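Fold and geometry: a report
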Amino acid sequence: MIDRLVVVVAVAAHLAFLGYLVVGGLIALRYPRTIWLHVVTVIWAVVMLAGKVECPLTWLERWARAAGGMAPLPDSGFIDNYLTGVIYPADALVVVQILVFAVVIGSWIALAVRWQRHRTAGAAHRRQV
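Residues numbered from 1 in each chain as written. Predicted model: local features only at pLDDT ≥ 70, side-chain atom pairs only at ≥ 80, totals over all residues. Heavy atoms only, no water.

Under an unreviewed UniProt entry, the protein has the name DUF2784 domain-containing protein and belongs to Gordonia rhizosphera NBRC 16068.

Secondary structure assignment for the protein yields five helices and zero strands. Helices (α) and strands (β) of the protein occur, in sequence order from the N terminus, as α-α-α-α-α. In summary, the protein has a C-alpha radius of gyration of 19 Å against a globular reference of 14 Å for 129 residues, an excess of more than 25%. In terms of overall dimensions, the protein has a C-alpha envelope of 70 × 35 × 25 Å along the principal axes. The long-range fraction of contacts in the protein, counting pairs at least 24 apart against all pairs at least 6 apart in sequence, stands at 59%. (Helix = DSSP H or I, 4+ residues; strand = E, 2+ residues; numbered from the N terminus. Rg over C-alpha atoms; globule rule 2.2 N^0.38 Å. Contact = heavy atoms within 4.5 Å.)

It is worth spelling out the packing of helix α1 (residues 2-30) against helix α2 (residues 35-49) at this point. Two elements in contact, α1 and α2, have axes separated by 9 Å at closest approach and are oriented at 145 degrees. α1 and α2 meet at a crossing whose hand is left-handed. Here α1 contributes F17, Y20, L21, G24, G25 and A28 to the contact with α2, which in turn contributes I35, L37, H38, T41, V42, W44, A45 and M48. (Axes fitted to C-alpha atoms, helices over the stretch in contact; angles between N-to-C directions. Left-handed = near helix turned anticlockwise from the far one by under 90°.)

On to the domain arrangement of the protein, then. Segmentation of the protein into domains returns domain 1 (1-89) and domain 2 (90-128). Between domain 1 and domain 2 lies a buried interface of about 1,300 Å² when both sides are counted; carbon and sulfur atoms form 77% of it. One can count zero salt bridges joining domain 1 with domain 2. At the boundary of domain 1 with domain 2, the tally comes to four residue pairs in polar contact (both at pLDDT 80 or more). The element that contributes the greatest number of residues to the side of domain 1 that touches domain 2 is α1, accounting for seven residues. In terms of residue class, the side of domain 1 that touches domain 2 is built from eleven nonpolar, four polar and one charged. (Domains from an automatic or database assignment. Buried area = accessible area lost by both parts, 1.4 Å probe. Salt bridge = Lys/Arg side-chain N within 4 Å of Asp/Glu carboxyl O. Polar contact = N/O pair within 3.5 Å; in protein donor to acceptor, adjacent residues only side chain to side chain. Nonpolar A, V, L, I, M, F, W, Y, C, P; charged D, E, K, R; others polar.)

To continue, consider the environment of E61. Along the chain, E61 turns up in helix α3 (residues 56-67). Taking the relative accessible area as the measure of exposure, E61 reaches 0% and is therefore buried. Between the alpha carbons of E61 and I79 there is a distance of 13 Å; along the sequence they are 18 residues apart. When near neighbours in sequence (up to four residues on either side) are disregarded, E61 contacts V7, A10, V11, H14, L73, F78 and Y82. There is a polar contact of 2.9 Å between the side chain of E61 and the side chain of R65. (Buried < 20%, exposed > 50% of the residue type's maximum accessible area, 1.4 Å probe, protein only.)

Printed below as a string of structure tokens:
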């Protein structure tokens, strides 16, 4: 029973991570101090996609499935098992990756522009005073 709960929590945490990967930069537009968390999230995602390390949530799910006597998570991992072919067509994987990249970079550019405008406005205000 507890093993199944661990699997559910691991899947939910994976989905939350991926969701934050996509929208974390947009959240930082509203709450700028959260950008550091998004940068760490993006770096971690890139490291995992490069195959340098397996996600600890994937490891946890694999362990819980084995301990609970459930079917193992395929070697391809979380995204290929739960998202590709389920949430979006398998042949759209590259398009999805490009869209995620575009949202992340676009949000970071928007945040940089906002910071630059804020700095410029602050400097102009200090010159007038």
